[in-house]
Amino acid sequence: MEVSSSSNSPSTSTSSTSTDPNRNTHELQQMSKQKGGLITLPFIIANEAFEKVASYGLLPNMILYLMKDYHMTIPTGTSVLSIWSGVTNFTPIIGAFFSDSYLGRFWTITFGSIASLLGMTLLWFTAVFPQTKPPHCELFSKDCRSSTAAQLSLLFSSFILMSIGAGGIRACSISFGADQLHKKDNQSYDRLLQNFFNWYYASAGISVVLALTVIVYIQDKFGWKVGFGVPAILMFISAASFIFASSYYIKVNANKSLFSGFAHVIAASVKNKHFVLPPEDEDGCYHHYKDSILTVPTQKLRFLNKACMITDHDKDLNPNGSASNPWRLCTVDQVEEFKSLLKVMPIWSTGIMLGVALSQSTLPILQANSMDRHITSKFQIPAGSFGTFVVISLAIWVGIYDRLLLPLLVKFTGRPYGLSFKELMGIGLVFSILSLATSAIVEGIRRKTAIREGLSGNPQGIVHMSAMWLIPQNCLLGLAEAFNAIGQTEFYYSECPKSMGSIATSLNGLCSAVGSLIVGLLINIVDDITKRGGKNSWVPNNINNGHYDYYYWLLTILSSINLVYFLVCCWAYGPTAEERLLPSKEVEEEENQDELKELKEKEEERQELIKSQTLQNMMSSG
């Protein structure tokens, strides 16, 4: 995901979305005379596609690798993978910051590709060289030796490098590709950009499906050496192909990150906390860009207004009108952007529980691994491939909603976007509750079947119950993410200034990151509490002897409470920009004409944001 750029010059706009064709226009025109164009796009698309096939193919079966080869318990392994997943979802925000502020997109992607390659190579080494792991022993045996600090350091180093690499590549690829098409004499820029987006999204979606099927199957069929070696080779091809075309790329220099502006607002408001604010609506007391329509900050969150308050024009401003110290004086635009972010945070926080539901990747794999996965007598679906149903249902539903249902809903409701943003998010949360409840019911049936068949003491035994029972919960989870992704993307894009359009993907990625971290914390808390007094833990290594159905019911209850919290947040937030237009369905009222026109003009950019967010959530689901 790419973070918008902002400039400290008062003569420029605050920021622009990362794919804005007007961003650094002069610089792009100068650099694009001999570089860029369609010839560079296959290298950029291939780079991200190979990276996704390689990285997402590693996660599904990783819990089995940690348990069998590193002798980790289920709670410990789940915590490790949750932290890894959380960090990986968070690093694109850091990658975007460094790209916009310091390195530029090309070098960020290059360093990311090298880091991912090193991480996957280290992971492959752990499978090839026996010294990198504790001695082999039977799974769940009490005589298994624990991993040494050096062995765990090597394993965790591979995870960290892959997370850093993902942050560099995913933060910049789509915007870097858009840079290559921006030429002065390119009359078909919009059409080419749309085609690039379509190819990018299609290749990324196919990559995830291949990762969850082909790579997982290779690991199941040929073992960890081949299963980890193939992703490492793919990552080498990814990095090599991207660097090979280096001389052909348009490379835009780093500018200023929108998040840097947020840091400036926080620092300036703290440093200026003793200032006394001028009377309301008094102009000339606040620093603003030369052509900005915002010359006075709003009265909401007034303490932040001190960040843009001028106390001494000669001392605070340079001769050209810019702030002499941006850490002490910000613009009104920067303050209002930060206020917009703070305002949406309560509703944003309601998506964390959905992130928790999506991050339950290890338990479904253990369930599937204990069930009959055969489609034919000779072929069975790999346990790690059932997450594909989340991705497939998500993608299918977004396509149906965008192309078929949305036009009908617009016509039926009279709203520009069909269902309201809050309704879409709420429906998504309801589907997540249904998915968790279904998971609890299916696990309860699976456990009872295992006990009835005498497998309570045999965690590796196969229950005579089809793993296809796991498909409904995965499909419901895909629908939950589809509804919530569309709703959150539209909500952020509608309620925040246009310059913050890319914040939508950043916030959703952050939701997934926080949700992943909570999973690791929660499962350890449940394990610690439920085994007190000599009782059996709900989440032991032997899933047939535990109560993972109770754990799913706990998540269902927490998600239900979160739904109530969401309703309270919606009430407290008040009407959105879209809802404020609803009383004027005839659109003849002059005062609403401009606002309605602005909403309609946002539609095309909104569609691209939805595609981008859908892609990110497909990644998280995988």
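Residues numbered from 1 in each chain as written. Predicted model: local features only at pLDDT ≥ 70, side-chain atom pairs only at ≥ 80, totals over all residues. Heavy atoms only, no water.

J.: Explain the pattern of salt bridges residue by residue, including any values.
T.: Under the definition given, this model contains 8 salt bridges. Arg-105 is the salt-bridge partner of Asp-179, the closest N and O atoms lying 2.6 Å from each other. You can see Asp-179 sitting in helix H6 (residues 149-180) and its partner Arg-105 sitting in helix H5 (residues 105-128), a full 74 residues away along the chain. The burial state of Asp-179 is the same as that of Arg-105; both residues are buried. Across the pair Lys-339 and Glu-336 runs a salt bridge whose closest N-O atoms are separated by 3.2 Å. (Salt bridge = Lys/Arg side-chain N within 4 Å of Asp/Glu carboxyl O. Helix = DSSP H or I, 4+ residues; strand = E, 2+ residues; numbered from the N terminus. Buried < 20%, exposed > 50% of the residue type's maximum accessible area, 1.4 Å probe, protein only.)

J.: Any details on the nonpolar core? Residues and values, ideally.
T.: Counting residues in each nonpolar core, the largest one holds 121 residues, and the members touching the most others are Met-62, Leu-123, Phe-196 and Tyr-551. Excluding its chain neighbours within four sequence positions, the residues that come into contact with Met-62 are Leu-81, Trp-84, Leu-123, Phe-159 and Phe-228. With 9 residues, the next largest nonpolar core counts Leu-394, Trp-397, Phe-483 and Ile-486 among its residues. (Core = buried A, V, L, I, M, F, W, Y, C linked by side-chain atoms within 4.5 Å. Contact = heavy atoms within 4.5 Å.)

J.: Can you explain the layout of surface pockets? Please cite residues and give values.
T.: Quantified by volume, the second largest pocket comes out at close to 630 Å³. Sorting the residues of the lining of the second largest pocket by element identifies helix H3 (62-70), helix H7 (189-222) and helix H13 (362-369) as the ones contributing at least two each. It is H7 that provides the largest number of residues to the lining of the second largest pocket, a total of 4 residues. Split by residue class, the lining of the second largest pocket holds 14 nonpolar, 9 polar and 5 charged. (1 Å grid on protein atoms, 1.4 Å probe; cavity = no way out; pocket = protein on both sides within 12 Å on 5 of 7 lines; lining within 4 Å. Points joined across faces, edges and corners; volume = space filled by probe spheres on them. Nonpolar A, V, L, I, M, F, W, Y, C, P; charged D, E, K, R; others polar.)

J.: So what's going on with the side chain of Asn-272? Residues and values would help.
T.: Within the secondary structure, Asn-272 sits in the loop between helix H9 (258-271) and helix H10 (313-316). Every residue in contact with Asn-272, bar those within four places of it in the chain, is listed here: Lys-306, Ala-307 and Arg-328.

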